[in-house]
Amino acid sequence: MLETGSPAPDVVLEDTDGRPVRLSDYQGKSAVLIYFMRSTSCPVCYRHVQDLIRRRDEFAGDGVQVFVAVPEDRQEAAAWKARRRVPFPVLVGLRGTPHETIGLSRKVFGSLQQSGSILVDSQGIVRHAHGATLPTAGYDRKGIGAAVQGLRGRSAT
């Protein structure tokens, strides 16, 4: 798992339209928050996505681009995004799951995908990194909020 305060690797994922999305493309422009869902069929994870949707104006006002990453393939991710009307870009892995790119693995005999989130500032530094095996603990709302608030403090200086 990525560590807070460390430089973010240049993660390359793919959106549901097949376009590559690179973390480095946002350096100097905006912060990036990626929420990694356990799966599109996880109702707990979807509740977390709904919270992100409710807070989207807050994130946009703080210069944070939000993405949702899912372990399914691009076609399944696109269908889920359309069905749930998710306003954020939904990302999948180019090879393997997007989760693997930041160190979220499968636990409990390889059957349970971890979920979590990362926030990378506009300079490419990880400001929040959280992962959990149980989906109820995979979304650290308070931790994300504190990290976004920390971005505000850094931009004021």
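Structure: see above.
In short, a report on the structure. Nothing here was measured: the structure is a model prediction, and the numbers come from that model. The residue count restarts for each chain, going from 1 along the sequence in the order it is written. Restriction of local features to residues with pLDDT of at least 70 applies here, the model being predicted, together with a cutoff of 80 or more for giving and counting side-chain atom pairs; totals for whole chains, interfaces and linings are based on all residues. Only hydrogens and water are set aside; all other atoms, that is, all heavy atoms of the structure, feed into the side-chain values.

Considerations on helix 3 (residues 74-84)
Next up, step 1: Exposure classes here rest on a 1.4 Å probe applied to the protein chains alone. A residue is buried below 20% of its type maximum, exposed above 50%, and partly exposed in between. Comment: elements are numbered from the N terminus, with helices defined as DSSP H or I runs of at least four residues and strands as E runs of at least two. Taken together, the buried positions of helix 3 are A77, W80 and K81. Across the axial projection of helix 3, the buried residues extend over an arc of 100 degrees, all falling on one side. Of the exposed residues in helix 3, those oriented more than 90 degrees away from the buried face are Q75, A82 and R83.
Next up, step 2: For this analysis, residues touch if any pair of their heavy atoms sits within 4.5 Å. Where the residues of helix 3 are buried, they touch helix 1 (43-54), strand 4 (64-69) and strand 5 (90-92).
Next up, step 3: One or two residues past the end of helix 3 sits R85, with phi positive at roughly 55 degrees. The arc in question is the one traced by the directions running from the helix axis out to the C-beta atoms.

Quick look at the sheet that holds strand 4
Next up, step 1: Strand order across the open sheet formed by seven strands is 2-1-5-4-3-8-9, with mixed pairing between neighbours. Only two strands of the sheet have a single neighbouring strand rather than two, namely strand 2 (20-22) and strand 9 (126-132). For this sheet the average axis-to-axis angle between neighbouring strands, irrespective of direction, equals 30 degrees.
Next up, step 2: Note: two strands are recorded as paired if DSSP finds a minimum of 2 bridges between them. Relative to strand 2, strand 1 (residues 12-15) runs antiparallel, the two being bridged by three bridges. Along strand 2, the bridge assignment pairs V12 with R22.
Next up, step 3: As a rule, the C-alpha atoms of each element are fitted with a line to give its axis, helices using only the stretch in contact, and angles between N-to-C directions run from 0 to 180 degrees. Its contacts with the sheet place helix 1 against strand 3 (31-36) and strand 4, and it is angled at close to 155 degrees to strand 3.
Next up, step 4: Along the sheet face, helix 3 touches strand 1, strand 4 and strand 5 and points at about 165 degrees away from the line of strand 5.

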